[in-house]
Amino acid sequence: MIRALMWLLAAILLGGVVHLSTVLALPQAAKQDAYSRLVPLTPVNTMAPLPAPTPDKAIMPFMDPAFATAVCRYDLTGGSLKLIAPVSQAYTSVTFYTRNSVAYYAINDRAAGRRSIELDLMTPAQHAQLPEEEDVTAADRLIIESPGASGLVVVRALAPEPGLMAAARGALARATCSIQPVQ
Amino acid sequence: MRLLFGSFFTLLIAAALGLGATWFTLTRGVAFGSLTVGAWTAWPKTGSVDIDPYARASIARSGELPTGVGDGITFYAHTDDTGQNFDGRCTFVISGMTPAARYWTVTLYDPEGRLVANTIDRHGFTSDEILRDNDGRFSIAVAPLARPGNWLPTGGIEQFVLVWRLYDTPIGVATRTTKEGPMPAIVRKGCS
């Protein structure tokens, strides 16, 4: 009897280990995460508009249909990334995601406080290699550190009413992202 | 023999328990640090690097991109204020206050996060397009059949989810009390 209980206790403990390790391993193993869904639709290091979600077709679940969306799928191995997003009439935001969909930084047009949101995205190693004098002038320019070499930058522009969707899409069409080669 | 049987039994139970618990937590959407106001629940940390492993796994599985904390916050509702599940064949009325935010949107999805087809091609409202009374208050009828005023069609589906997103808002990781974030009430008004 006691022996059976010991086996059961071992089973529960081991079950806990199985549970925790599967939860932790799942983001690495997921084949249908946002990044994987966007790979066939978005060229690397280029701003690409996403089609609006419809009842029949949406790239990702729970997309806000009031927003126009553009994605820059980045790979920083060739240098840092320069991102420029013109501010639309209503509301524009830029969110940075890791390869595993963790939102590590987000900024909106008011926080950016200009007519366009301009950012430099680089890995911590690239940031450390910046010449010092450049870092001083960098007070004027926003530098974001990416935890990994690849990830997603998602620019969203709100259309406060359906008639303004074309304007929001137009603002996003002028958003760019490009690799700045290492000198 | 006994040892073999015992260890086999143990491994079997362990695998069933562990995988079962993982499946359960991911399909039910278990995450820590939730902020609940009435029928609405948000997980502010899910939009930051402090996201917990459960939310991380759940997002990887569903394929969605969470709202970043610098962008806004997303509240989900699966039931009305009394805890009754949303049924697309019934009428629900959303009314009341919203927390301070530059813009908000409300959207109706099916439980998998897809928009729901309907005759007028409406899937939600933004804070700008909603019709308000003279006091600035609004009420939204979530119903299968057309309603005067703000009608959000359910398409008659069995279950739906309402998602309320606040953009450029002070509501976030630091919000503790419901006083800071008064969310609209949801009341069921009968079924067709």
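What counts and what doesn't
Residues numbered from 1 in each chain as written. Chains lettered and ligands numbered in written order. Predicted model: local features only at pLDDT ≥ 70, side-chain atom pairs only at ≥ 80, totals over all residues. Heavy atoms only, no water. Helix = DSSP H or I, 4+ residues; strand = E, 2+ residues; numbered from the N terminus. Buried < 20%, exposed > 50% of the residue type's maximum accessible area, 1.4 Å probe, protein only. Contact = heavy atoms within 4.5 Å. Rg over C-alpha atoms; globule rule 2.2 N^0.38 Å. Areas by Shrake-Rupley, 256 points an atom, 1.4 Å probe, with all protein chains shown as cover. Lys, Arg positive; Asp, Glu negative; His and termini not counted. Charge placed at Lys NZ, Arg CZ, Asp CG, Glu CD. Phe/Tyr/Trp six-rings, centres within 6.5 Å; stacked < 30°, edge-to-face > 60°. Pairing = 2+ DSSP bridges. Axes fitted to C-alpha atoms, helices over the stretch in contact; angles between N-to-C directions. Buried area = accessible area lost by both parts, 1.4 Å probe. Salt bridge = Lys/Arg side-chain N within 4 Å of Asp/Glu carboxyl O. Polar contact = N/O pair within 3.5 Å; in protein donor to acceptor, adjacent residues only side chain to side chain. Core = buried A, V, L, I, M, F, W, Y, C linked by side-chain atoms within 4.5 Å. Patch = residues over 30% accessible without salt bridge, like charges linked within 9 Å, V, L, I, M, F, W, Y side chains within 5 Å. pLDDT = per-residue confidence, 0-100. Parallel < 35°, antiparallel > 145°, perpendicular 65-115°, else oblique. Nonpolar A, V, L, I, M, F, W, Y, C, P; charged D, E, K, R; others polar.

The secondary structure content of chain B amounts to 2 helices and 10 strands. Listing the helices and strands of chain B from first to last along the sequence gives α-β-β-α-β-β-β-β-β-β-β-β. Of all 192 residues assigned to chain B, the portion counted as buried reaches 51%. Put simply, 71% of the contacts in chain B that link residues at least 6 apart link residues at least 24 apart.

Our focus in this paragraph is the overall build of chain A. Broken down by element type, chain A carries 6 helices and 9 strands. Taking 2.2 N^0.38 as the reference for a compact globule, 183 residues should give roughly 16 Å; the C-alpha atoms of chain A span a radius of gyration of 21 Å, well beyond that estimate. If one aligns the C-alpha atoms of chain A with their principal axes, the spans along those axes are about 75 × 50 × 30 Å. When the 183 residues of chain A are sorted by exposure, 47% land in the buried category. Roughly 9,000 Å² of accessible area belongs to chain A as shown, and the carbon and sulfur atoms make up 61% of that amount. Here chain A contributes 14 positive and 14 negative side-chain charges, whose respective centroids are spaced 11 Å apart.

Another point: the packing of aromatic side chains. Scanning the model with the defined rule gives 16 aromatic pairs over all chains in all. Arranged with centres 6.1 Å apart and planes meeting at 45°, the rings of Phe-96 of chain A and Tyr-104 of chain A form a pair that is tilted. Neither residue differs from the other here; Phe-96 of chain A and Tyr-104 of chain A are each classed as buried. Seen from their ring centres, Phe-92 of chain B and Phe-160 of chain B are 5.9 Å apart, and the 80° between their planes marks the pair as edge-to-face. Pair noted here: Phe-92 of chain B is in strand 4 (residues 90–95) and Phe-160 of chain B is in the loop between strand 8 (150–153) and strand 9 (161–167), with a separation of 68 residues, a long-range link. Both residues of the pair, Phe-92 of chain B and Phe-160 of chain B, belong to the buried class. Taken together, the ring pairs connect Phe-62 of chain A together with Trp-43, Tyr-76 and Tyr-109 of chain B into an aromatic cluster.

Moving on, we get to the sheet that holds strand 10 (residues 185–191) of chain B. Residues and elements named next belong to chain B. Strand order in this open sheet of 4 strands is 8-7-4-10, and the pairing throughout is mixed. Two strands lie at the open edges of the sheet, namely strand 8 and strand 10, each paired on one side alone. Within the sheet, the average angular offset between the axes of one strand and its neighbour, ignoring direction, is 25°. Relative to strand 8, strand 7 (residues 139–143) runs parallel, the two sharing 4 bridges. When the bridges of strand 8 are listed, Ala-143 appears paired with Pro-153.

Listed per partner, the contact involves 54 residues of chain A and 59 residues of chain B. Counting the surface lost from both chain A and chain B, the interface buries some 4,500 Å², and carbon and sulfur atoms represent 68% of this. Together, Trp-7, Pro-55 and Phe-62 of chain A form the three largest contributors to the area buried by chain A at its contact with chain B, with a combined 18%. Counting every contact that joins chain A to chain B gives 4 salt bridges. For Asp-64 of chain A, the salt bridge identified is with Arg-165 of chain B, shortest N-O distance 3.9 Å. Joining chain A to chain B, the criterion identifies 18 residue pairs in polar contact (both at pLDDT 80 or more). Residue assignment for the side of chain A that touches chain B shows that the elements contributing at least two residues are helix 1 (2–29), helix 2 (34–38), strand 4 (92–98), strand 5 (103–108), helix 3 (109–112) and strand 8 (150–158) of chain A.

In this structure, Trp-40, Phe-75, Ile-140, Val-142, Leu-162 and Trp-164 of chain B are the most contacted members of the largest nonpolar core, which totals 29 residues. Those elements giving two or more residues to this core turn out to be strand 1 (35–37), strand 2 (40–42), strand 3 (72–77), strand 4, strand 5 (103–109), strand 7 and strand 9 of chain B. Once residues within four sequence positions are removed from consideration, Trp-40 of chain B is found in contact with Leu-35, Phe-75, Tyr-76, Ala-77, Ile-94, Leu-162, Val-163, Trp-164, Met-183, Pro-184 and Ile-186 of chain B. The next biggest cluster of nonpolar side chains, apart from the first, holds 26 residues, and it includes Cys-72, Ala-85, Val-155 and Ala-175 of chain A.

Looking now at a nonpolar patch on the surface. Residues Met-1, Ile-2, Leu-5, Met-6, Leu-8, Leu-9, Ile-12 and Leu-13 of chain A together with Phe-5, Phe-9 and Leu-17 of chain B make up a contiguous nonpolar surface patch of roughly 1,200 Å² in combined accessible area. When contributions to the nonpolar patch are tallied by element, the ones reaching two or more residues are helix 1 of chain A together with helix 1 (2–28) of chain B. Residue contributions to the nonpolar patch peak at 7 residues, all from helix 1 of chain A. Positionally, Leu-5 of chain A belongs in helix 1. On the basis of relative accessible area, Leu-5 of chain A is assigned to the partly exposed category, the value being 49%.

As a further point, take the confidence of the model for chain B. In the predicted model, chain B carries a mean pLDDT of 88, and 94% of its residues have values of at least 70. Complex prediction metrics read pTM 0.89 and ipTM 0.87.

What follows concerns the packing of helix 1 of chain B against helix 2 (residues 53–62) of chain B. Residue and element names in this part refer to chain B. One can describe the packing of helix 1 onto helix 2 by two numbers: an axis separation of 9 Å at closest approach and a directional angle of 75°. Taken together, the axis directions place helix 1 and helix 2 in an arrangement best described as roughly perpendicular. Within the contact between the two elements, helix 1 uses Trp-23, Thr-25, Leu-26 and Thr-27 and helix 2 uses Tyr-54, Ala-57, Ser-58 and Arg-61. Across the contact of helix 1 with helix 2, the residue classes break down as 4 nonpolar, 3 polar and 1 charged.

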